[in-house]
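Examining the three-dimensional arrangement
Spelled out from the first residue to the last, the chains are:
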Amino acid sequence: MVDRLLVTRCRQGSRDALRRIYEKYRDDLLILAIALSHDSGLAEDAVHDAFVAFAQNVVSFRLTGSLKAYLARCVANRVRDLMRTSRSRAKALSPEQACAAEQGLSDPSRLIACNEELRLLSSALAELPYEQREVIALHIHGQMRFRVIAESLGISVNTVKGRYRYGIRKLRSILNGEI
């Protein structure tokens, strides 16, 4: 309900409404982009590009579902585009860099998460194939349902579920060896 009101105000030209949407979702979207790309610079670019595109097209935008899920799809698509066009593939963040990226977020509860478990998880995620990492990040960080992920990626729901299942299984395997 709040998101619909903010989008309506954005359509009417309210910069404050756009700022509130940005502040509400930027941290979660940045975490999603970092999880997908393992490159903090690319992740920041993807989030900013997604919000710029949203602001430019807000007049014709119609909110039919979750605004967060829509923005997460936009960010995931932008990360994919940036990684595809980048000459050198995004390099994985070291645990120290991942922690530093977390420190840049504004929400204090996010800062608490920057501990040894986060470093282990970040390293384990970096070992997954991109397709599995993408599905896991969209489902967990983007809070998207498998059906929505399938539609946005243009694949079947069963493929999404399989990638998620195999990715989680591999994460468990990697993390059991680390813990």
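Residues numbered from 1 in each chain as written. Predicted model: local features only at pLDDT ≥ 70, side-chain atom pairs only at ≥ 80, totals over all residues. Heavy atoms only, no water.

Counting secondary structure elements, the chain contains 10 helices and 0 strands. When the 179 residues of the chain are sorted by exposure, 42% land in the buried category. Intrachain contacts of the chain at a sequence separation of at least 6 include 69% that bridge at least 24 residues. (Helix = DSSP H or I, 4+ residues; strand = E, 2+ residues; numbered from the N terminus. Buried < 20%, exposed > 50% of the residue type's maximum accessible area, 1.4 Å probe, protein only. Contact = heavy atoms within 4.5 Å.)

This next bit is on the confidence of the model for the chain. In low-pLDDT regions, the fine details of the predicted coordinates are not to be read closely. Of the residues in the chain, 80% reach a pLDDT of 70 or more, and the chain-wide mean stands at 80. Across the chain, the element-wise mean pLDDT spans from 47 in helix α5 (residues 95-103) up to 91 in helix α3 (residues 40-56). Across residues 87-103 the pLDDT falls below 50, and counting only partners more than four positions away or on other chains, this stretch makes 31 contacts in the model. Counting interchain partners and residues more than four positions distant, the pLDDT-below-50 stretch residues 110-114 has 13 contacts. (pLDDT = per-residue confidence, 0-100.)

Our next topic: the packing of helix α2 (residues 15-37) against helix α4 (residues 67-85). A pair of packed helices is captured by two measures, namely the crossing angle of their axes and the spacing between those axes. Following both chains from N to C, one finds α2 and α4 inclined at 40°, their axes separated by 9 Å at the closest point. Looking at the two axes, α2 sits oblique to α4. As for how α2 packs across α4, the hand of that crossing is right-handed. Across the interface between the two elements, Ile21, Tyr25, Asp28, Leu29, Leu32, Ala33, Leu36 and Ser37 of α2 pack against Leu67, Lys68, Leu71, Ala72, Val75, Ala76, Val79 and Met83 of α4. Here the contact of α2 with α4 is composed, by residue class, of 13 nonpolar, 1 polar and 2 charged. (Axes fitted to C-alpha atoms, helices over the stretch in contact; angles between N-to-C directions. Parallel < 35°, antiparallel > 145°, perpendicular 65-115°, else oblique. Left-handed = near helix turned anticlockwise from the far one by under 90°. Nonpolar A, V, L, I, M, F, W, Y, C, P; charged D, E, K, R; others polar.)

What follows is about the packing of aromatic side chains. Considering all chains together, one arrives at 4 aromatic pairs under this definition. Plain terms: the ring middles of Phe61 and Tyr70 are 4.7 Å apart, the flat faces sit at 50° to each other, and that makes the pair tilted. One aromatic cluster is present, formed by Phe54, Phe61 and Tyr70 through successive ring pairs. Taking the ring centre of Tyr166 as reference, the NZ or CZ of Arg165 above it sits at 5.3 Å. (Phe/Tyr/Trp six-rings, centres within 6.5 Å; stacked < 30°, edge-to-face > 60°. Lys NZ or Arg CZ within 6 Å of the ring centre and 35° of its normal.)

This paragraph deals with α3. Taking 1.5 Å per residue, 17 residues should reach 24 Å; α3 reaches 24 Å between its end C-alpha atoms and fits that length. The complete set of buried residues in α3 reads Leu42, Ala43, Ala46, Val47, Ala50, Phe51 and Phe54. The arc that holds the buried residues of α3, viewed along the axis, is 165°, so those residues lie on one side. Tucked into the core, α3 has its buried residues touching α1 (2-11), α2 and α4. If you check the start of α3, you find a side-chain oxygen 3.0 Å away from the backbone N of Gly41, and it comes from Asp39. (Expected span 1.5 Å × (residues − 1). Arc of directions from axis to C-beta. Polar contact = N/O pair within 3.5 Å; in protein donor to acceptor, adjacent residues only side chain to side chain.)

If you look at the biggest cluster of nonpolar residues, it comprises 53 residues, and the most contacted ones within it are Ile21, Leu29, Phe54, Leu67, Leu71, Val79 and Ile149. Of all the elements in the fold, those that place two or more residues in this core are α1, α2, α3, α4, α7 (116-127), α8 (130-140), α9 (146-153) and α10 (157-178). With 10 residues, the top contributor of residues to this core is α2. Leaving out residues up to four positions away in the same chain, Ile149 has contacts with Val135, Leu138, His139, Met144 and Val160. (Core = buried A, V, L, I, M, F, W, Y, C linked by side-chain atoms within 4.5 Å.)

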